[in-house]
Amino acid sequence: MPGVMTGIRFFAPQLAALSDDFRTVAFDYRSHDRSEKTETGHTVPQYARDLRAFLDRRNPNDVVLVGWSMGAFVAWEYVDRFGIDGIRGLVVVDMSASAFRWDDFEHGSNDLERLVGTLELVQTDRSSLIERLVGAAFDEPPSDETRTLVFDELSRIPRPIASAILFDYTVRDYRDVLPEIDVPTLVCAGADEKWRTVAAVEDAAARIPNAEFELFEESGHCITLEEHERFDRVLTALFDGL
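Residues numbered from 1 in each chain as written. Predicted model: local features only at pLDDT ≥ 70, side-chain atom pairs only at ≥ 80, totals over all residues. Heavy atoms only, no water.

Here we have 4 strands laid out as an open sheet, ordered β1-β2-β3-β4, and parallel in their pairing. At either end of the open sheet lies a strand with only one pairing partner, and these are β1 (63-68) and β4 (212-216). This sheet shows a mean twist of 15° between the axes of neighbouring strands, independent of strand direction. As judged from the 6 bridges shared by β1 and strand β2 (residues 87-93), these two strands associate in the parallel manner. Looking at the pairing, V63 lines up with I87 of β2. Against the sheet, helix α3 (residues 70-82) touches β1 and β2, its axis set at about 140° to β1. Against the sheet, helix α10 (residues 228-241) contacts β1, β2, β3 (185-190) and β4, and its axis sits at roughly 165° relative to β4. (Pairing = 2+ DSSP bridges. Helix = DSSP H or I, 4+ residues; strand = E, 2+ residues; numbered from the N terminus. Axes fitted to C-alpha atoms, helices over the stretch in contact; angles between N-to-C directions. Contact = heavy atoms within 4.5 Å.)

This is the structure in structure tokens:
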């Protein structure tokens, strides 16, 4: 599952590389990328319910949920609400237990001031916001092709919907959920993390029983694009092991 305001094209390398050996299924949230636009339902729990309906229609077996950034929240919400029946494993890509810096949680990347500033930019200067997000997302400046992809993805979601999901996702807290996850879990972080700290991702891994942690030395936040060949190998090894 993709991150907030993004779509499945962030997983394009994996969809291409892994489809010969595994059944790869991509999921865009409502109103994201090319999904139908709807004004309501833009919360992490609703996205998890949408994922449940999506999987129920396809009836797959031995599912490994791969969630990048907010997509990890959707995966955690799914497991918390619906259990692990049919779920063989989880892959968490660069996410902390919460995105908010609560009084008793130092690993959040957003406080109230930053959240308000982000929501203002969504409404008043989205181009500046996207530039800021791109600057924080990559280890090295992305190619023109990747930059165009990112701008296209982030520009497709309507502003009111972007505001709604940005707020909802930011104030979610999964610290109580992570210790209850009892499927094999791989947690990945980019070493040149600007979106959140590596320590924040390691903290999430430490809260999940028997989770394995993998550091990608040449990535920032967008591991699926920045080190896609290594990420593909890591996923393949995980799938084969399961």
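Let us now look at the side chain of D232. Its place among the elements puts D232 in helix α10. Notably, D232 is buried but unbridged: the nearest opposite-charge side chain belongs to R233, and the N-O separation is 7.7 Å. At 3.0 Å, the side chain of D232 forms a polar contact with the side chain of Q14. Once residues within four sequence positions are removed from consideration, D232 is found in contact with P13, Q14, A17 and L18. (Buried < 20%, exposed > 50% of the residue type's maximum accessible area, 1.4 Å probe, protein only. Lys, Arg positive; Asp, Glu negative; His and termini not counted. Salt bridge = Lys/Arg side-chain N within 4 Å of Asp/Glu carboxyl O. Polar contact = N/O pair within 3.5 Å; in protein donor to acceptor, adjacent residues only side chain to side chain.)

What follows deals with unusual backbone geometry. Non-glycine residue S31 carries a positive phi angle of around 70°. A relative accessible area of 0% places S31 in the buried class. The phi torsion at S69 lies on the positive side, around 55°, for a residue other than glycine. As for its position among the elements, S69 is in the loop between β1 and α3.

On to the layout of surface pockets, then. By volume, the largest pocket is sized at about 720 Å³. Along its surface, the largest pocket is lined by 28 residues, and R23, T24, V25, V64 and F239 are the ones closest to its centre. Residue composition of the lining of the largest pocket, grouped by class: 21 nonpolar, 3 polar and 4 charged. Its volume calculated, the second largest pocket comes out at about 370 Å³. (1 Å grid on protein atoms, 1.4 Å probe; cavity = no way out; pocket = protein on both sides within 12 Å on 5 of 7 lines; lining within 4 Å. Points joined across faces, edges and corners; volume = space filled by probe spheres on them. Nonpolar A, V, L, I, M, F, W, Y, C, P; charged D, E, K, R; others polar.)

The side chains of a regular strand alternate, residue by residue, between the two faces of the sheet. The pairing of β3 with β4 spans 5 bridges and is classified as parallel. Residue pairing for β4: C188 is matched across the bridge by E214. Running through helix α8 (residues 198-207), the crossover from β3 to the neighbouring parallel element β4 is right-handed. (Right-handed = clockwise from strand over helix to strand, strands pointing away.)

So, about α10. With 14 residues, α10 should reach 20 Å at 1.5 Å per residue; the first-to-last C-alpha distance of 20 Å fits that figure. Buried residues of α10: F231, D232, V234, L235, L238 and F239, and no others. Along the long axis of α10, the arc covered by the buried residues comes to 165°, so they all point the same way. The outward face of α10, more than 90 degrees from its buried face, is lined by the exposed residues E229, R233, D240 and G241. Here the buried face of α10 lies against α1 (12-18), β1, β2, β3, β4 and α9 (223-226). (Expected span 1.5 Å × (residues − 1). Arc of directions from axis to C-beta.)

Bringing the packing of aromatic side chains into the picture now. For the coordinates displayed, the defined rule picks out 12 aromatic pairs. Judged by centre distance (5.7 Å) and plane angle (85°), the ring pair of F27 and Y29 falls under edge-to-face. Ring centres 6.0 Å apart and planes at 55° place the aromatic pair W76 and Y174 in the tilted group. With a gap of 98 residues between them, W76 in helix α3 and Y174 in the loop between α7 (159-170) and β3 connect regions that are remote in the sequence. In terms of burial, W76 and Y174 fall into one category: buried. Among the aromatic residues, ring-to-ring pairing joins F27, Y29, Y47 and F54 into one connected group. Over the ring of F54 we find R58, and its NZ or CZ is 3.8 Å from the ring centre. One residue, R230, lies across the ring of F216, its end atom 4.2 Å from the ring centre. (Phe/Tyr/Trp six-rings, centres within 6.5 Å; stacked < 30°, edge-to-face > 60°. Lys NZ or Arg CZ within 6 Å of the ring centre and 35° of its normal.)

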